[in-house]
Amino acid sequence: MNQYLITAYDHTDEGAFDRRMGVRPHHLDGVKELKAKGNYILGGAMLNEEGKMIGSTMILQFENEEELDAWQQGEPYLTQKIWESVDIKPFKVANV
C-alpha cells in the first residue's frame, strides 16, 4: 500500500472553529471507516498555543491514487470547507 502524510490547516474566519466542531462527528465516523478498512495509520488535531484545534495531521494508506482521490472527495473536512489548505505527501512508516 502507498502511505501518505496529510497536513491540513483549518480556515481562520470567525465561524471556522464552530464549523469544525459541527462537522467533527462526521469526520470521526469516516476515520473509523478508514480504520476498519486498514487505511488509517494515525492522526489527530494540531493545536495552537491555547490548545485550540487549528488543523489535522493524518497518515493514511491506500492501494492507489484513485482510492486516495475517492477519500478526498468524501472527506467531510474537505467537502464542508473546514480545511483551508491540505498538503499530501508520499510517506513511509519506519518499521523498527
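Before reading further, recall that the structure is shown in the block above.
Residues numbered from 1 in each chain as written. Predicted model: local features only at pLDDT ≥ 70, side-chain atom pairs only at ≥ 80, totals over all residues. Heavy atoms only, no water.

### Let's talk about the overall build of the chain
On a plain count of helices and strands, the chain comes out with 3 helices and 4 strands. Start at the N end of the chain and walk to the C end: the helices and strands fall as β-α-β-β-α-α-β. Expected size for 96 residues packed as a compact globule is a radius of gyration near 12 Å; at 13 Å, the chain falls within 12% of this value. Judged by the C-alpha coordinates and their principal axes, the chain covers about 40 × 30 × 20 Å. (Helix = DSSP H or I, 4+ residues; strand = E, 2+ residues; numbered from the N terminus. Rg over C-alpha atoms; globule rule 2.2 N^0.38 Å.)

### Focus: a negative patch on the surface
Side chains of Glu 63, Glu 65, Glu 66, Glu 67 and Asp 69 sit close together on the surface and give a patch of like negative charge. Here Glu 65 shows up in helix α2 (residues 65-74). (Patch = residues over 30% accessible without salt bridge, like charges linked within 9 Å, V, L, I, M, F, W, Y side chains within 5 Å. Areas by Shrake-Rupley, 256 points an atom, 1.4 Å probe, with all protein chains shown as cover. Salt bridge = Lys/Arg side-chain N within 4 Å of Asp/Glu carboxyl O. Lys, Arg positive; Asp, Glu negative; His and termini not counted. Charge placed at Lys NZ, Arg CZ, Asp CG, Glu CD.)

### A look at the side chain of Ser 56
Inspection of the secondary structure assignment puts Ser 56 in strand β3 (residues 53-62). For Ser 56, a relative accessible area of 4% gives the class buried. In this view, Ser 56 contacts Ile 6, Thr 7, Ala 8, Arg 20, Gly 44, Ala 45, Met 46, Tyr 77 and Trp 83; residues no more than four positions away in its chain are not counted. (Buried < 20%, exposed > 50% of the residue type's maximum accessible area, 1.4 Å probe, protein only. Contact = heavy atoms within 4.5 Å.)

### Thoughts on unusual backbone geometry
The phi dihedral of Lys 81 is positive, around 60°, even though this residue is not glycine. Looking at where Lys 81 falls in the secondary structure, it is placed in the loop between α3 (76-79) and β4 (83-91).

### Some thoughts on the packing of aromatic side chains
Per the counting criterion, the structure on display carries 4 aromatic pairs. Pairing Trp 71 with Trp 83 gives two aromatic rings, centres 6.4 Å apart and planes at 50°, and the pair type is tilted. Of this pair, Trp 71 sits in helix α2 while Trp 83 sits in strand β4, and the two are 12 residues apart along the sequence. Taking relative accessible area as the criterion, Trp 71 reaches 8% and is therefore assigned buried. When the centroid spacing of 5.4 Å and the interplanar angle of 75° are considered together, the rings of Tyr 77 and Trp 83 count as edge-to-face. Neither Tyr 77 nor Trp 83 differs from the other in exposure class; each is buried. (Phe/Tyr/Trp six-rings, centres within 6.5 Å; stacked < 30°, edge-to-face > 60°.)

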